[in-house]
Amino acid sequence: MNSLIRSTARCLRAGVAVYLPGRASGPVSLAAARYLCAAADIQKDLGEMVKKDKVVVFMKGTPAQPMCGFSNAVVQILRMHGVDDYAAYNVLEDQDLRQGVKVFSNWPTIPQVYFNGEFLGGCDILLQMHQNGDLVEELKKLGIKSALLDAEKESK
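All values derive from a computational prediction rather than experimental measurement.

A. Up close: the nonpolar core. Grouped together as the largest cluster of nonpolar side chains are 19 residues, with contacts concentrated most on V55, V57, L78, F115 and L126. Breaking this core down by element, the ones donating at least two residues are β1 (55–59), α3 (69–80), β3 (112–115), α5 (123–132) and α6 (134–141). Counting residues per element, this core draws most heavily on α3, at 4 residues. If sequence neighbours within four positions are ignored, V57 has contacts with V74, L78, Y86, A87, A88, Y89, Q112 and V113. Core analysis: the second largest hydrophobic core is formed by 13 residues, L46, A87, Y89 and V91 among them.

B. Structural detail: the pattern of salt bridges. What the rule picks out here adds up to 1 salt bridge. One salt bridge in this structure joins E138 and K141, with 3.0 Å as the shortest N-O distance. Highlighted residues: E138 and K141, both in helix α6, separated by 3 residues, approximately one helical turn. Judged by relative accessible area, K141 falls into the exposed class, the value being 63%.

C. Representation of unusual backbone geometry within the structure. Going from I110 to P111, the amide bond is cis rather than trans, its omega being 10°. Relative to the helices and strands, P111 is located in the loop between α4 (95–105) and β3. Of note in this structure, N106 is not a glycine but carries a positive phi near 60°. Here N106 is to be found in the loop between α4 and β3.

Thresholds applied
- Residues numbered from 1 in each chain as written.
- Predicted model: local features only at pLDDT ≥ 70, side-chain atom pairs only at ≥ 80, totals over all residues.
- Heavy atoms only, no water.
- Core = buried A, V, L, I, M, F, W, Y, C linked by side-chain atoms within 4.5 Å.
- Buried < 20%, exposed > 50% of the residue type's maximum accessible area, 1.4 Å probe, protein only.
- Helix = DSSP H or I, 4+ residues; strand = E, 2+ residues; numbered from the N terminus.
- Contact = heavy atoms within 4.5 Å.
- Salt bridge = Lys/Arg side-chain N within 4 Å of Asp/Glu carboxyl O.

Written out as structure tokens, the structure is:
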């Protein structure tokens, strides 16, 4: 029982309320409290991760070696715009991160792209923004000049 109280107190200090209605004391409650605390910790960590850099991508693989076609497409779109300086997190290395980011964004798929801490979308949304020109404008808001603007000037 003391370890349940300690786990609950740790979660409360982290700003997480743990309430387990109808649960008996013992290993089940302790396991549930630890799970809730761990889930809350990853959500807090994700909140910090997406704000650390202007552009953040949660993907399968790395920018140098994407492990799925959708992650590769996101990397290629960013590269076309000259965005090479971004944080990329490989969700294949950490199942907690893979599931946690889906809960954090309320978005079921990977890759996920964040601009200035705000969820932008996945591959389909980034592709659509690239095609209709909105991505150039969003990058401009971040202080990033799209390389496509330079390429457009050179072709004229």
